[in-house]
Amino acid sequence: MKIVLLGPPGAGKGTQASILSEEMGVPRVSSGDLFRDHQGRGTELGRLAKTYMERGTLVPDEVTIRMVMEWVDAHERAFLLDGFPRTRGQAEALDEAMADKSGIDVALSIRVDREELVRRLTGRLICRGCQATYHRTSSPPSVEGRCGECGGELYQRQDDSPEAVVKRLEVYFEETEPLIGYYRQTGILREVDGEGPIDEIKAAIAAALN
Ligand code: AP5
Ligand code: MG
Ligand code: ZN
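Here the structure is a predicted model, which means the values were calculated and not measured.

Rules used throughout
Along each chain, numbering runs from 1 in the same order as the chain's sequence is written. Working convention: letters from A go to chains and numbers from 1 go to ligands, in the order in which they are written. Since the coordinates come from a predicted model, pLDDT governs what is reported: local features require at least 70, and pairs of side-chain atoms require 80 or more to be given and counted, while whole-chain, interface and lining totals use all residues. As a rule here, side-chain values come from all non-hydrogen atoms in the structure, and water together with hydrogens is ignored. Secondary structure counts use DSSP, requiring at least four H or I residues in a row for a helix and at least two E residues in a row for a strand, with both numbered from the N terminus. Whether a residue is buried, partly exposed or exposed follows from its accessible area with a 1.4 Å probe, protein chains only, as a fraction of its type maximum: under 20%, in between, or over 50%, in that order. Under the pairing criterion, centres of Phe, Tyr and Trp rings, with the six-membered ring standing for Trp, must be within 6.5 Å; the plane angle then separates stacked pairs below 30 degrees from edge-to-face pairs above 60, leaving the rest tilted. Here, a charge over a ring is recorded when the distance from Lys NZ or Arg CZ to the ring centre is within 6 Å and its angle to the ring normal is within 35 degrees. Only heavy atoms enter the contact rule, under which two residues are in contact if any of them lie within 4.5 Å. Picture the helix axis, draw a direction to every C-beta atom, and the arc is the one those directions span. We define a salt bridge as a contact between a side-chain nitrogen of Lys or Arg and a carboxyl oxygen of Asp or Glu at a distance within 4 Å. Counted as donors are the N, O and S atoms within 2.8 Å of the metal, or 3.2 Å for Na, K and Ca, while water is not among the atoms, so some sites may look incomplete. Every angle between 85 and 135 degrees makes a four-donor site tetrahedral, while opposite donors more than 155 degrees apart, with all other angles between 65 and 115, make a four-donor site square planar and a six-donor site octahedral; other sites are irregular.

**Q** Break down unusual backbone geometry for me, citing the residues and quoting the values.
**A** Residue proline 85 is bonded to the preceding phenylalanine 84 through a cis peptide linkage, with omega at 0°. Within the element layout of this structure, proline 85 appears in the loop between β3 (79-82) and α5 (88-97). With a phi close to 70°, glutamine 131 is a non-glycine residue in the positive phi region. By the secondary structure assignment, glutamine 131 is in the loop between β5 (124-127) and β6 (133-135). Classification of glutamine 131 as partly exposed rests on a relative accessible area of 36%.

**Q** Quick rundown of the packing of aromatic side chains? Include the residues and the values.
**A** Remark: the centre distance and the inter-plane angle together describe each pair of aromatic rings, the angle taken between the planes. Summed over all chains, the structure comprises three aromatic pairs. With a centroid separation of 5.1 Å and 80° between ring planes, the pair formed by tyrosine 172 and phenylalanine 173 is classed as edge-to-face. Among the residues examined, phenylalanine 173 registers a relative accessible area of 36% and is labelled partly exposed. Relative to tyrosine 183, the ring of tyrosine 182 lies with its centre 5.1 Å away and its plane at 90°, an arrangement referred to as edge-to-face. Above the face of the tyrosine 155 ring, arginine 128 is positioned so that its terminal group lies 4.4 Å from the ring centre.

**Q** Account for helix α2 (residues 31-41), with residues named and values stated.
**A** Count 3.6 residues to each turn of an α-helix, and residues three or four apart come out pointing the same way. For α2, the full list of buried residues reads Ser31, Gly32, Leu34, Phe35, Arg36 and His38. Packing partners of the buried residues in α2 comprise β2 (28-30), α3 (44-53), α4 (61-74), β3 and β7 (154-155). Of the residues one or two after α2, glycine 42 is the one with positive phi, at around 70°.

**Q** I'd like a rundown of α3, residues and numbers included.
**A** Listing the buried residues of α3 in full gives Leu45, Gly46, Ala49 and Met53. In a view along the axis of α3, the buried residues occupy a sector of 95°, so they form one face of it. Opposite the packed face of α3, turned more than 90 degrees from it, sit the exposed residues Glu44 and Arg47.

**Q** I'd like to hear about the pattern of salt bridges, residue by residue, with values.
**A** Where charged atoms of side chains with opposite charge meet at close range, the side chains can pair. Inspection of the entire model under this criterion finds 16 salt bridges. One salt bridge connects arginine 184 with glutamate 191, and the closest N-O pair in it is separated by 3.3 Å. Among the charged side chains, a network of salt bridges with common partners joins Arg124, Arg157, Asp159, Asp160 and Arg168.

**Q** Would you mind going over the coordination of the zinc ion (ligand 3) in detail, with residue names and values included?
**A** By definition of the ideal shapes, a tetrahedral metal site with four donors has angles of 109.5 degrees and an octahedral site with six donors has angles of 90 or 180 degrees. At 2.3 to 2.4 Å from the zinc ion (ligand 3) lie its protein donor atoms, namely Cys127 (SG), Cys130 (SG), Cys147 (SG) and Cys150 (SG). Seen from the zinc ion (ligand 3), its four donor atoms lie at angles of 95 to 117°, and the figure they make is tetrahedral. Positions of the donor residues of the zinc ion (ligand 3), expressed as sequence spacing, correspond to C-x2-C-x16-C-x2-C. Overall, cysteine 130 belongs to the partly exposed group, its relative accessible area being 37%.

This is the structure:
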């Protein structure tokens, strides 16, 4: 199955993608994680992406499409894309790449209220070692500041500052939300309510995929 996950920053794309990927045995990638990995390794692409990410704006299509398509080419039979596509140009590039294969099966949109998004993002903690995600109040680590999976150090993403969050939400509504209409038109859109316990959302997603 080939799935794309749509949803605003903080909707729980990463949280649900990690559960789904494990349960379905399907490889997943987050375009944001790919950029952060480049930054960690100090590549030229990482330095370029950083200038956009810290401001909460999108990295230009040309670079983003090339990076994600490399990953897609290596996983063409089944995959879960978290955070890509985010623009009309990216969606068209993905469709084009899939043209001579069977296309994307499902575009899954996760809906969450703005106030809840801000609460989630400003309280999020990420592991430096394995990228596992926590939340200061709703899913805190059992040992403060340490990842329960690998013992790694937890940090706050630079773009989870209140100013960057406001910008990211604005960019989402302007550039990415219109893709919901794009996928509705092609008939592969499924929508789920992203508020409530993580397990309930997981069940709603499973139902939407069946
Ligand atoms: P990216 O890393 O993709 O960030 P994002 O889309 O802003 O989404 P997030 O990762 O912030 O949220 P999420 O939906 O994964 O939520 P999560 O599961 O962590 O992109 C970062 C930047 O990279 C972009 O701004 C852009 O600059 C660039 N970029 C990336 N892709 C690009 C592209 N295609 N084109 C151009 N530029 C691109 O959950 C959030 C928090 O909520 C966590 O703390 C979690 O524990 C908690 N939580 C999750 N579910 C629940 C629940 N049900 N109840 C309570 N808390 C919950
Ligand atoms: Mg994410
Ligand atoms: Zn970890």
